[in-house]
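What follows is each chain in one-letter form.
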Amino acid sequence: MKLFPTQEVGSLMRAPFLRKQLDESVISETEYWGRLLGVERYEVLVDKLRREDYTVEELRNWASLYAIRLHEAAGLDVVWDGEQKRIEMYEHALRQVKGVEFLGKVKVWDAETYNKAAIKSKPQLAENTYVPEFQFAKRHARRELKVPLTGPYTLAEWSFDEYYISRPRTTGSLIERRREAKREMVFDLAREVVRPVILSLVENGANRIQIDEPAATTKPDEVGLFVEAFNEIVKGVNARFTIHICYSDYTLLFPYILEAKAHELSIECANKDAVSLGQDERRGYEILKLFREHSVDFALAPGVIDVHTDFIEPPELVRDRLLHAAKIFGDPSRIIACNDCGLRTRKWDVAYRKEVNLVRGASIARETLE
Amino acid sequence: MSLLRVVGWVYCGLALGIEASHVGGAMPRSEELIRAFRRVAEGREPYSSVLVLAKSEASKLIEMQRRLGLTYLVEGQLLWHDILRPFTELLEGVKTGPLTRWFDNNLFYKKPIIVSNILRTTSILEKYVFTDLLSGVNWKLILPEPYTFYRLSANQSYSRWEDLVLDFAGILVEELKTLAGTGPALLQLSAPCLAEKKLDTDQVETVKESLRIVKNGYNGLLMVHLFFYDASNAFPWILDSPADVIGIDPFVTAPELIRGYSFERSLAIGCVDARNSHVESVEEIGYLFNSFAECVEARAYHLTTNTDLEYLPRHVADAKIERLAEAYRILGGGLS
């Protein structure tokens, strides 16, 4: 296997033609990206946009294709469709589940909110848009695909509980009963929602799946629960699994993460790192020492691209981050080059240039070691 | 609900002396107000448009609490992005730092970076509180407890953390003085960091000193609210602090660890869970209230929420306030 394989982490900003206002500037942008990325028959889409003769489903398929081509044109080894057909990672997942009711917006920070749901009865997968989404991507992708899914712990942690907490429990203190309720909620979401999706994807040919668990360390005393739930959803499944956790205190993962049956762990590092060149000291990657000390047996995908800034990391910075990470971790063959997180908040121009440099930087890092 | 049990609780509530009920923190914004804030953030509207809408919502919120018979009314703190933000943005010596997780919630605040000794050079609260709606109202204000403020900041200036805590306490007093005419009848200092773990003797002394500074500079009731963590971590020293009311979060506090304590002031029990959408029945509230009230012998008790209601969509928060007030009435307080 080549050193420093490159991959993305899921989301990408909506394609220009999925925006609300479809004016001439959007059509020009669609034409520009179609040509630049080598999207086959993009002229058909442009023509449809001009004639206002399209369906929403058609546009979503085109968006999926554009995003796949963006990742491929940048040169990534493993790609996805930028989640162009999804609402966002939480709501999209739970919209397909029976027993869930969305209650309204709650604050995440400042004016940023999300539509938060309550679990009202035992959750069950009622719809599965992931399979057709994957099938479309599989038909069109020229590189290996990795499908991102939101993990059961995050789905539970980001939801209200109106079911498990209300079930009669005869023993234990209030704290113990609530702990038990949370555990049941996480495991039901694992068994009834996420695992069936994984099985259906694998049955349809998916062999790389990324489980997004940004909430994994929210409650330090529940990190073990997150790992147990992860192991439950991947039990006996023949696929390569990545866990993605971003903007978290990674020290809290230990020792629980050592039990996770994952092949890769993707974490955010670039956001905490300096942008100056150099391989000797890089504060964003200090955390890798902890992974080395614990002799983790999975590969690590430390982010070398910051997704929260328009700064385009030069290839040399990507190189230095990767070589430094490899040195700290102690095993270059288990370092994967990727972003901190999905590029959903960056414009396509910025996202594309970042990915191009990710690939270039990984290439020169590879040459340095080989 | 069993009539017999309710009658029992009413008797129990009266016997235990429930003297007040109030909301335990900031309110969620309505979806309309959220959208207005987003438009301001994107530069599409001036801040004044948010002010008009927030003030109208604050006014309705006050009216709702008055109608329901709550003892101390909040104006919702709808302009505050987080409880530290007015101080983060307006104190000299503080810079706005990165988004940081708010305890164990999917909620983030901007960390105050203390770059030099903190100094109050402008009035802060008058820019964030609709004081003109509160004239003649028995109202409650929620502010960060000084030690908690220090713990949630990044101190790059003070060589002794104690000085930062005491300086912040002094600033709170200065701010409260600016509200003198329309000052709050109840000041809640939100203090999760006092319960996060057991503090050592020096830390406890500094906390007590900071609370003394606030208490001495302010005429109303001082409440220290311990939430998110087991309040027993701050027992028994917190009972000996200058606070008039100690608030606890019964959803995370082990009753057996505070059983048998007594003190001559008031205990506020946060029997409505502000972090879950399940709207508790009066029966559930009563059961929880009594199971904690019988553990700690206090002069009187307050019935409140365990923390800010901003973790909920607005309509759920409103439903919880209505239920809180209903429980308060049935348990023997308020309008009854």
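Note that this is a predicted model, so its numbers are computed, not measured. (Residues numbered from 1 in each chain as written. Chains lettered and ligands numbered in written order. Predicted model: local features only at pLDDT ≥ 70, side-chain atom pairs only at ≥ 80, totals over all residues.)

Thoughts on the packing of helix α10 (residues 282–293) of chain B against helix α11 (residues 314–330) of chain B
All names here are of chain B. Contact pair α10 / α11: the axes reach a minimum separation of 9 Å and the direction vectors enclose 65°. For the crossing formed where α10 meets α11, the hand is right-handed. In contact with V282, I285 and G286 of α10, α11 contributes R323, E326, A327 and I330. Broken down by class, the residue content of the contact of α10 with α11 amounts to four nonpolar, one polar and two charged. (Axes fitted to C-alpha atoms, helices over the stretch in contact; angles between N-to-C directions. Helix = DSSP H or I, 4+ residues; strand = E, 2+ residues; numbered from the N terminus. Left-handed = near helix turned anticlockwise from the far one by under 90°. Contact = placed C-beta atoms within 7 Å. Nonpolar A, V, L, I, M, F, W, Y, C, P; charged D, E, K, R; others polar.)

Overview of the sheet that holds strand β5 (residues 154–155) of chain B
All names here are of chain B. Across the sheet, which stays open at both edges, the three strands sit in the order β2-β3-β5 with mixed pairing between neighbours. Looking along the sheet, the strands with just one partner apiece sit at the ends: β2 (92–101) and β5. Here helix α6 (residues 161–178) sits on the sheet in contact with β3 (108–119) and β5, set at roughly 95° to β3. (Pairing = 2+ DSSP bridges.)

Some points on the interface of chain A and chain B
In this complex, chain A contributes 26 residues to the contact, which on the side of chain B involves 24 residues. Taken together, the elements giving at least two residues each to the side of chain A that touches chain B come down to β2 (97–109), β3 (112–125), β6 (160–161) and α7 (174–203) of chain A. Ranked by the residues each element gives to the side of chain A that touches chain B, the list is headed by β2 of chain A, at seven residues. Across the side of chain A that touches chain B, the residue classes tally to twelve nonpolar, five polar and nine charged.

A word on the confidence of the model for chain B
Residues with a pLDDT of 70 or more make up 94% of chain B, whose mean pLDDT is 94. Two summary scores accompany this predicted model of the complex, namely pTM at 0.95 and ipTM at 0.93. (pLDDT = per-residue confidence, 0-100.)

Side note on the nonpolar core
Within the largest apolar cluster, 107 residues are counted, with the highest numbers of intra-cluster contacts made by Y66, F230 and L322 of chain A. Per-element tally for this core: the top contributor is α7 of chain A, with nine residues. By size, the runner-up hydrophobic cluster in this structure holds 105 residues, among which are M27, Y109, L194 and V214 of chain B. (Core = buried A, V, L, I, M, F, W, Y, C linked by C-beta atoms within 7 Å. Buried ≥ 20, exposed ≤ 12 C-beta atoms within 10 Å, placed from the backbone.)

Structural notes on helix α8 (residues 223–234) of chain A
In an α-helix there are 3.6 residues to a turn, and that puts residues three or four apart on one side. Residues and elements named next belong to chain A. Compared with an ideal rise of 1.5 Å per residue, which puts twelve residues at 16 Å, α8 spans 17 Å between its outermost C-alpha atoms and is within 8% of the ideal. Taken residue by residue, α8 has V223, L225, F226, V227, A229, F230, I233 and V234 as its buried positions. Those residues of α8 that are buried are in contact with α6 (152–157), α7, β7 (208–212) and β8 (240–245). One or two residues past the end of α8 sits G236, with phi positive at roughly 70°. (Expected span 1.5 Å × (residues − 1).)

Concerning the environment of I287 of chain A
Residues and elements named next belong to chain A. Here I287 is to be found in the loop between β9 (264–267) and α9 (288–293). Take I287: there are 20 C-beta atoms within 10 Å of it, and that puts it in the buried class. For the pair I287 and F329, spaced 42 residues apart in sequence, the C-alpha separation works out to 9.3 Å. Not counting residues up to four positions away in its chain, the partners in contact with I287 are Y250 and C269.

Description of the sheet that holds β8 of chain A
All names here are of chain A. In spatial order, the strands read β5-β7-β8-β9-β10-β11; together these six strands make up an open sheet with parallel pairing. Looking at strand neighbours, the two that pair on one side only are β5 (147–150) and β11 (338–339), the edges of this open sheet. Pairing geometry for β9 and strand β10 (residues 299–305), over four bridges, is parallel. Each residue of the ladder has a partner; that of L265, found in β10, is L300.

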